[in-house]
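Reading the structure
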Amino acid sequence: MDGVIETQRLLLRPLQRHDGPAIAAKIDNYEISKNLARVPYPYHLSDAEEFLDWALALDNRSAFRVITLKHRPDDLIGLISYDWMEEQQKAELGYWLVQAHWRKGLMTEAAIAMVELAFTASGLESLSSCFFNENPASGKVLTRAG
């Protein structure tokens, strides 16, 4: 599959229009959405479709990847992205993972791969990101990803 990034345990594949139902089903969890700046709760299919309209229209300085386990490539377990914000002239890294896969090092693995993609394929000079104080695990992901 073109554009797929393979890590030790994961496949990060490009976001596709047909991912809407899986995104809506997996992110509709308050424990996930409370740690994300731009995600409503409850999350509906219409929210996923609106997100896809926006994300799939961005230029090549942005990248969105569906996170799957290598041994279950059809099961979306999260998303990771960096999106170019023209007005601020910077790209922001963002991510989420289904709760069943927290605390296994998977998001760090995905983040390291996406940071590498940002600096090599997209030619970005920097990435920014932030996390909520109530979610120190996300801060650890960012530290480990550099």
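Figured I'd write up the structure that's included with this text.

Thresholds applied
- Residues numbered from 1 in each chain as written.
- Predicted model: local features only at pLDDT ≥ 70, side-chain atom pairs only at ≥ 80, totals over all residues.
- Heavy atoms only, no water.
- Helix = DSSP H or I, 4+ residues; strand = E, 2+ residues; numbered from the N terminus.
- Rg over C-alpha atoms; globule rule 2.2 N^0.38 Å.
- Buried < 20%, exposed > 50% of the residue type's maximum accessible area, 1.4 Å probe, protein only.
- Contact = heavy atoms within 4.5 Å.
- Areas by Shrake-Rupley, 256 points an atom, 1.4 Å probe, with all protein chains shown as cover.
- Lys, Arg positive; Asp, Glu negative; His and termini not counted.
- Charge placed at Lys NZ, Arg CZ, Asp CG, Glu CD.
- Pairing = 2+ DSSP bridges.
- Axes fitted to C-alpha atoms, helices over the stretch in contact; angles between N-to-C directions.
- Core = buried A, V, L, I, M, F, W, Y, C linked by side-chain atoms within 4.5 Å.
- Phe/Tyr/Trp six-rings, centres within 6.5 Å; stacked < 30°, edge-to-face > 60°.

From N to C terminus, the protein includes five helices and six strands. Reading the protein from its N end, one meets helices and strands in the order β-β-α-α-α-β-β-β-α-β-α. Since a compact globule built from 146 residues should have a radius of gyration of about 15 Å, the 14 Å found for the protein is in line with a globular shape. Overall, the C-alpha framework of the protein stretches about 35 × 35 × 30 Å when taken along its three principal axes. Looking at the 146 residues of the protein, the share that counts as buried comes to 45%. Pairs at least 24 apart in sequence give 59% of the contacts found in the protein among residues at least 6 apart. Accessible surface, the protein: about 8300 Å² in total, of which carbon and sulfur atoms supply 51%. Taken as two groups, the 15 positive and 20 negative side-chain charges of the protein have centres that lie 9 Å from each other.

Once that is clear, we can look at the environment of Leu12. Looking at the secondary structure, you find Leu12 in strand β2 (residues 10-14). What makes Leu12 buried here is its relative accessible area of 0%. What Leu12 contacts, discounting residues up to four positions off in sequence, is Gly3, Val4, Ile5, Arg65, Val66, Ile67, Ala110, Ala113 and Met114.

Strand order in the open sheet formed by six strands is β1-β2-β3-β4-β5-β6, with mixed pairing between adjacent strands. Edge positions in the open sheet fall to β1 (5-6) and β6 (127-128), since each of these has one partner strand only. The sheet contacts of helix α4 (residues 106-120) involve β1, β2, β3 (63-69), β4 (78-85), β5 (90-97) and β6, and relative to β4 the element is tilted by about 30°.

Take the nonpolar core next. Among the nonpolar cores identified, the biggest contains 44 residues, and Leu15, Ile23, Phe51, Ile67, Ile80, Trp96 and Met114 are the most heavily contacted of them. Looking at this core, the elements with two or more residues in it are β2, α1 (20-27), α3 (45-55), β3, β4, β5, α4 and α5 (136-145). If one sorts the elements of this core by residue count, α4 sits on top with nine residues. The contact partners of Met114, leaving out residues within four places of it in the chain, are Ile5, Leu12, Ala63, Arg65, Ile80, Ser81, Tyr82 and Leu93.

Counted according to the given criterion, the structure contains four aromatic pairs. Ring plane angle 45° and centroid distance 6.1 Å describe the contact between Phe51 and Trp54, whose orientation is recorded as tilted. Residue Phe51 and its partner Trp54 are both found in helix α3; the two are separated by three residues, about one turn of the helix. Every member of this aromatic cluster is reached through a ring pair, and the members are Phe51, Trp54 and Phe64.

Below, the discussion takes up the pairing of β2. The buried fraction of β2 amounts to four of the five residues, a majority that puts the element mostly inside the structure. Strand direction decides the pairing type here: β1 and β2, joined by two bridges, are antiparallel. Paired with Ile5 across the strands is Leu12, a residue of β2. Pairing of β2 with β3, which is carried by five bridges, proceeds in the antiparallel orientation. Counted as the bridge partner of Leu12 is Ile67 from β3.

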